[in-house]
Amino acid sequence: MGTATSRTPGRALAALRRRALRRLGRDDAFAGRLRRTEERLETIVAGAPGIIYISELGPRGRWRYVSPRIEEMLGFTASEWTAEPDLWIRQLHPGDRDAVVAEKEELASHTTGELHESEYRLLTRSGDCRWIRDAATIVAADDGTLVWSGVLNDITERRAVEEELKASEDRFRTVVETASDAFVSMDANGLIVEWNRMAEETFGWRRDEAIGLPVADTIVPERYRPSHLRGFETFLRTGHGPALGRTLELSAVTRDGVEFPVELSIWESASQGVQRINAFLRDITERKELAAVTHQAFHDALTNLPNRVLFTDRVAQALARRPAPAAPSVAVLLLDLDDFKTVNDSLGHAAGDQLLVEVATRLASCVRPGDTLARLAGDEFSVLLEGIEDLNEVTRVARRIGERLEKPFEIEAMEVVVRASIGIAVGRHAEVRPEEMMRDADVAMYAAKARGKGEFELFQPQMRHAVVTRMELKGDLRRALDRDELRVHYQPYVLLDGGRVVGAEALVRWEHPERGLIPPLDFIPLAEEMGLIVPIGRWVLHEACGRAVEWTRRFPELGPLTFSVNVSARQLQDGSFVDDVATVVAQHDLEPKQLVLELTESCLVEDPDNAVKRLRELNDLGVSLAIDDFGTGYSSLSYLQRYPIEILKVHRSFVSALGRSADESSMTRAILQLAENLGMATIAEGVDEPAQVAALLELGCVYAQGFHFSRPLPHDAFAALLEREAALARAVPPSVVTFRRAAG
Ligand code: C2E
Ligand code: MG
Ligand code: MG
């Protein structure tokens, strides 16, 4: 290796020429042609973009020839390159050297004519690295030895592009594979071409299973497939699609057929003429659930209105937004339905719910879009008004609410009338807190209720006093029984015809050490709220039965008087009520027929099956049952027929209507008629004028109770009344006194 001959094509060609001339003789014409051919060949070699070479086989084979371009490419001259066979090995990039040398070694045994290509790096004289593509064939040289005849091309730039491409592809892969979203690509046939790890996890198909499947059959729920395919077809036809370039929320389906919500962003890509539609899909089940839970936490499930938490927050925000720190521009209206409990108790909870929903709808029509309407609890709604300039705006809203609620609601084919009491609080000072405003509105609402149904009140600081009183009363009530502060007064009921006493209603009072005698309506509702009505009711029953026995013995000439005791719904629901009654009656050895239990209509319609059972049991004990305040509740005929009730107490509003107008007395007449048809006795309540006595007698009513005959009296006063009655009876002995039919 390493002789200086044949180093350039020029010299090699000259030798060739000499040999040819020797063979052909001195033929000038041929020589000329030959020279021209040589020149052309030299031009081609010099102009070729690569380095043309001839080298002996094996990694250390002698380079017989390299074209001049080597200088431009590697910085070595052709003669330097051919002079030193190891130079090539030295200039091989250390990273490629061993592999290239080994390959050359192996290829040395290959056959002629085959093209071998390899790519490796060579270092230039100045140390720069060039990527070389080596394409060579083993050929036989003139001297019969086998040599490599090849071309070295500089492919550095192409490699750079390729590497960049590969790097970018790698980056893409990394992004796609590590993405927390599923990545799915499809081609123009709708077949899956990309499917990342997250897609495997999300949809349950492995990558190798998913690739090649139609997207439509894989992740699109069956019911959405037609619209999916339509959209895809439109896209293919027009290049536009409704979903393209957007983030959407759709349903997807897993391999197991489980549908779930996804957030989807779709974009189109085209690379080397291949069109693709790509999508990132994110399972948003949890997000949706969280959103639902959050919504639930801040909204009322029945009406979907904001709840107390959200409302309080809105009030706080509104207060913070006030134009001036103390501007009275924020108002809270608190609204409580006056008759809701009756509706709920008498028509059932489903009807109550329906009513609440309809009330919510009507209320919504009373406020502006920016105002907040909320449901705070059961039948309690609230409205937040902002940007108020004039208090009249607030009262106008309150009035409007009152008016809108006036029209009866149709619930289960019944007309239901609802009114609301409204309390209003206006944020007046800088530090006012939302809780304070709501509490003030609540206080004002109680004040409104106290004034009557369907009223509204603006909060005044002195109203707080009433609330404090109520709280104090509750505290005191707890101890009232133990401290023996309760009293029972007795109000007689009489035969309308003649006015003879036939019985009395026991009415409880509370003799408060500081406040004096408190009427039942001021504390019975508190006792009901606190559950204290059960022991209080038991005590009243005990007291009344004791007196009944006492007076019956003392005044035999009055015959067996009946004694009525009021029973709250809450008592009737108490599991031990029937036993309590039985025990008390037995304890006093009272004739059961002498005891009348007065129930309100709401007692009967709330949990009617249970009520029927209880009333039958009471009836079996032998006690009589009466419906109190008849006409004010929602009981229907069917209820009345179902229950073993003997007495109907006509509410005093019907009695006071008597004589006012024909229309109003006709209602009283109808009630009395109804009672007669049902075989019930009637007691007219609240008779306080002689004219009413006459009117009732004319309508066929038999019994009455009211201030006209006697106010409710303490037991000693009542005993005195009986004393007088007994004296009268001794003069005119009574006929048998039991309840008779209304129009007997
Ligand atoms: P009620 O059972 O309808 O009792 C009749 C009420 O009407 C009594 O009021 C009585 O004083 C009043 N009244 C009687 N005659 C007249 C009249 O001519 N004109 C007017 N304006 N009123 C008259 P009171 O004693 O204040 O009782 C109110 C309600 O308190 C009772 O209505 C009853 O529902 C309830 N209540 C009273 N005591 C008890 C009790 O021991 N237990 C239960 N659960 N409730 C009771
Ligand atoms: Mg009563
Ligand atoms: Mg009554």
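This structure is a prediction, so every number in the text was calculated from the model and none was measured. (Residues numbered from 1 in each chain as written. Chains lettered and ligands numbered in written order. Predicted model: local features only at pLDDT ≥ 70, side-chain atom pairs only at ≥ 80, totals over all residues. Heavy atoms only, no water.)

Chemist: Before we move on, could you go through the pairing of strand S9 (residues 259–271) and cite the residues and values that matter?
Modeler: As judged from the seven bridges shared by strand S8 (residues 247–253) and S9, these two strands associate in the antiparallel manner. Bridge pairing in S9 places Ala-252 opposite Phe-260. Adjacent in sequence and paired antiparallel, S8 and S9 are bridged by five residues, among which Gly-257 carries a positive phi angle near 85 degrees. The pairing of S9 with strand S10 (residues 274–283) spans ten bridges and is classified as antiparallel. Across the sheet, the residue bridging to Ala-270 is Gln-275, located in S10. Counted along the chain from S9 to the antiparallel partner S10, the turn is two residues long, and its residue Gln-272 has a positive phi close to 50 degrees. (Pairing = 2+ DSSP bridges. Helix = DSSP H or I, 4+ residues; strand = E, 2+ residues; numbered from the N terminus.)

Chemist: Describe the packing of helix H20 (residues 533–554) against helix H22 (residues 577–588), listing the residues and the values that go with them.
Modeler: Running from amino to carboxyl end, H20 crosses H22 at an angle of 30 degrees, the nearest separation of the two axes being 9 Å. Judged on the interaxial angle alone, H22 and H20 are roughly parallel. Considering the relative orientation of H20 and H22, their crossing is right-handed. When H20 is examined against H22, the residues Arg-538, Leu-541, His-542, Cys-545, Gly-546 and Val-549 are found in contact with a partner set consisting of Asp-580, Val-581, Val-584, Gln-587 and His-588. Partitioning the contact of H20 with H22 into residue classes produces five nonpolar, four polar and two charged. (Axes fitted to C-alpha atoms, helices over the stretch in contact; angles between N-to-C directions. Parallel < 35°, antiparallel > 145°, perpendicular 65-115°, else oblique. Left-handed = near helix turned anticlockwise from the far one by under 90°. Contact = heavy atoms within 4.5 Å. Nonpolar A, V, L, I, M, F, W, Y, C, P; charged D, E, K, R; others polar.)

Chemist: How would you explain H22 if you had to name every residue and give the values?
Modeler: The terminal C-alpha atoms of H22, which comprises twelve residues, lie 17 Å apart, in line with the 16 Å expected from a rise of 1.5 Å per residue. Packing partners of the buried residues in H22 comprise H20, strand S21 (562–567), helix H21 (569–573), strand S22 (595–599) and helix H24 (608–621). Looking one or two residues beyond H22, the residue adopting positive phi is Asp-589, at roughly 55 degrees. (Expected span 1.5 Å × (residues − 1).)

Chemist: I'd like to hear about the packing of aromatic side chains, residue by residue, with values.
Modeler: Following the criterion strictly, the structure yields 17 aromatic pairs and no others. Three or more aromatic residues link up through ring pairs in this structure, and these residues are Tyr-53, Trp-63, Phe-76, Trp-81, Trp-88 and Tyr-120. Sitting above the plane of the Trp-131 ring, Arg-159 keeps its charged end 3.6 Å from the centroid. Here Arg-255 stacks its cationic end above the ring of Trp-205, 4.2 Å away from the centre of that ring. (Phe/Tyr/Trp six-rings, centres within 6.5 Å; stacked < 30°, edge-to-face > 60°. Lys NZ or Arg CZ within 6 Å of the ring centre and 35° of its normal.)

Chemist: Requested: an account of helix H6 (residues 94–107), with residues and values cited.
Modeler: A rise of 1.5 Å per residue sets the reference length of H6, with its 14 residues, at 20 Å; its end C-alpha atoms lie 20 Å apart and thus fit the reference within 8%. Listed in full, the buried residues belonging to H6 are Asp-96, Val-100, Val-101, Lys-104 and Leu-107. Down the axis of H6, the sector holding all buried residues measures 130 degrees, keeping them to one side. Among the exposed residues of H6, those oriented more than 90 degrees off its buried face are Asp-98 and Ala-99. (Buried < 20%, exposed > 50% of the residue type's maximum accessible area, 1.4 Å probe, protein only. Arc of directions from axis to C-beta.)

Chemist: Help me get a handle on the sheet that holds S8, residues and values and all.
Modeler: Spatially, the five strands line up as an open sheet ordered S7-S6-S10-S9-S8, and their pairing is antiparallel. Only two strands of the sheet have a single partner each, and these edge strands are strand S7 (192–195) and S8. Neighbour-to-neighbour, the strand axes of the sheet open up by a mean angle of 35 degrees, direction not taken into account. Packed on one face of the sheet, helix H12 (residues 285–298) meets S8, S9 and S10 and runs near 135 degrees to S9.

Chemist: With reference to specific residues and values, describe the coordination of the magnesium ion (ligand 3).
Modeler: When a metal holds four donors in a tetrahedron, each ideal angle between them is 109.5 degrees; when it holds six in an octahedron, the ideal angles are 90 or 180 degrees. Looking at the magnesium ion (ligand 3), the protein donor atoms are Asp-628 (OD), Asp-629 (OD), Glu-685 (OE) and Glu-685 (OE), and they sit 1.9 to 2.8 Å from it. Mapping the donors of the magnesium ion (ligand 3) onto the primary sequence gives the spacing D-D-x55-E. Separating the magnesium ion (ligand 3) from the magnesium ion (ligand 2) is a gap of 3.9 Å, bridged by Asp-628, which donates to each. (Donors = N, O, S within 2.8 Å, 3.2 Å for Na, K, Ca; no water.)

Chemist: Lay out the coordination of the magnesium ion (ligand 2) in plain terms, naming residues and giving numbers.
Modeler: At the metal site, the magnesium ion (ligand 2) is ligated by Glu-505 (OE), Asn-566 (OD1), Glu-598 (OE) and Asp-628 (OD), and these contacts range over 2.0 to 2.2 Å. As a motif over one chain, the donors of the magnesium ion (ligand 2) read E-x60-N-x31-E-x29-D. You can call Glu-598 buried: its relative accessible area is 2%.

Chemist: So what about the domain arrangement of the chain? Which residues, and what values?
Modeler: Interface size is often expressed as the accessible area that is lost when the parts come together. Entries for the chain in the domain assignment read domain 1 (48–150), domain 2 (158–287), domain 3 (299–461) and domain 4 (489–731). Relative to domain 2, the C-alpha centre of domain 1 lies at a distance of 48 Å. (Domains from an automatic or database assignment.)

Chemist: Break down the site of ligand 1 for me, citing the residues and quoting the values.
Modeler: Around ligand 1 sit 23 residues in total, of which Glu-505, Arg-509, Asn-566, Asp-628 and Phe-707 are the nearest. Between ligand 1 and Val-508 there is a distance of 3.1 Å, counted from a nitrogen atom to a backbone nitrogen or oxygen. Of all the secondary structure elements, the ones that give two or more residues to the shell around ligand 1 are strand S19 (501–512), helix H19 (520–530), H20 and strand S23 (624–630). Of the residues that constitute the shell around ligand 1, the class distribution is nine nonpolar, six polar and eight charged. (Near = heavy atom within 4 Å. Polar contact = N/O pair within 3.5 Å; in protein donor to acceptor, adjacent residues only side chain to side chain.)

Chemist: Account for the packing of H22 against H24, naming residues and giving values.
Modeler: H24 packs onto H22 with a crossing angle of 10 degrees between their chain directions and a minimal axis gap of 10 Å. One way to sum up the angle between H22 and H24 is to call them roughly parallel. Considering only the axes of H22 and H24, their crossing is right-handed. Side by side, H22 and H24 meet where Phe-577, Val-578, Val-581 and Ala-582 of the first sit next to Arg-614, Glu-617, Leu-618 and Leu-621 of the second.

Chemist: Please set out the sheet that holds strand S4 (residues 129–140) residue by residue, giving values where relevant.
Modeler: Pairing is antiparallel across the open sheet formed by five strands, whose spatial order is S2-S1-S5-S4-S3. Both outer strands of the open sheet, strand S2 (63–66) and strand S3 (115–123), are each paired with one neighbouring strand and no more. Direction aside, the axes of adjacent strands within the sheet are offset by 25 degrees on average. Relative to strand S5 (residues 146–154), strand S1 (residues 51–56) is paired through six bridges, and the arrangement is antiparallel. Looking at S5, one finds that Tyr-53 is bridged to Gly-150. Strands in contact with H6 are S1, S3, S4 and S5; relative to S3, the strand with the most contacts, it is inclined by about 150 degrees.

Chemist: Give me the lowdown on the confidence of the model for the chain, citing residues and values where you can.
Modeler: When pLDDT drops low, the exact placement of atoms in the prediction is not to be read closely. With 93% of its residues at a pLDDT of 70 or more, the chain has an overall mean of 88. Averaged pLDDT values for the elements of the chain fall to 61 in helix H1 (residues 9–24) and rise to 98 in S21. (pLDDT = per-residue confidence, 0-100.)

Chemist: So what about empty space enclosed by the protein? Which residues, and what values?
Modeler: What the rule picks out here adds up to five cavities of 30 Å³ or more. Of the voids in this model, the largest cavity is the one considered here, and its volume is about 90 Å³. If you trace the largest cavity, you find 13 residues lining it, with Val-534, Gly-537, Arg-538, Gln-571 and Phe-577 closest to the centre. Listed by contribution, the elements that provide at least two residues to the lining of the largest cavity are H20, S21 and H22. Counted by class, the lining of the largest cavity contains seven nonpolar, three polar and three charged residues. Computed from the structure, the second largest cavity encloses a volume of approximately 80 Å³. Tyr-53, Val-100, Glu-103, Lys-104, Leu-107, His-116, Glu-117, Ser-118, Tyr-120, Asp-134, Ala-136 and Trp-148 together form the lining of the second largest cavity. (1 Å grid on protein atoms, 1.4 Å probe; cavity = no way out; pocket = protein on both sides within 12 Å on 5 of 7 lines; lining within 4 Å. Points joined across faces, edges and corners; volume = space filled by probe spheres on them.)

Chemist: I'd like a description of the nonpolar core, backed by residues and values.
Modeler: Core analysis: the largest hydrophobic core is formed by 85 residues, its most contacted members being Leu-595, Leu-597 and Leu-618. With ten residues, the top contributor of residues to this core is H20. Residues Leu-305, Ala-351, Leu-405 and Val-418 belong to the second largest nonpolar core, which totals 35 residues. (Core = buried A, V, L, I, M, F, W, Y, C linked by side-chain atoms within 4.5 Å.)

Chemist: Report on the environment of Leu-152, specifying residues and quantitative values.
Modeler: Note on placement: Leu-152 falls in strand S5. Taking relative accessible area as the criterion, Leu-152 reaches 1% and is therefore assigned buried. Sequence separation between Leu-152 and Ser-67 is 85 residues; the distance between their C-alpha atoms is 10.0 Å.

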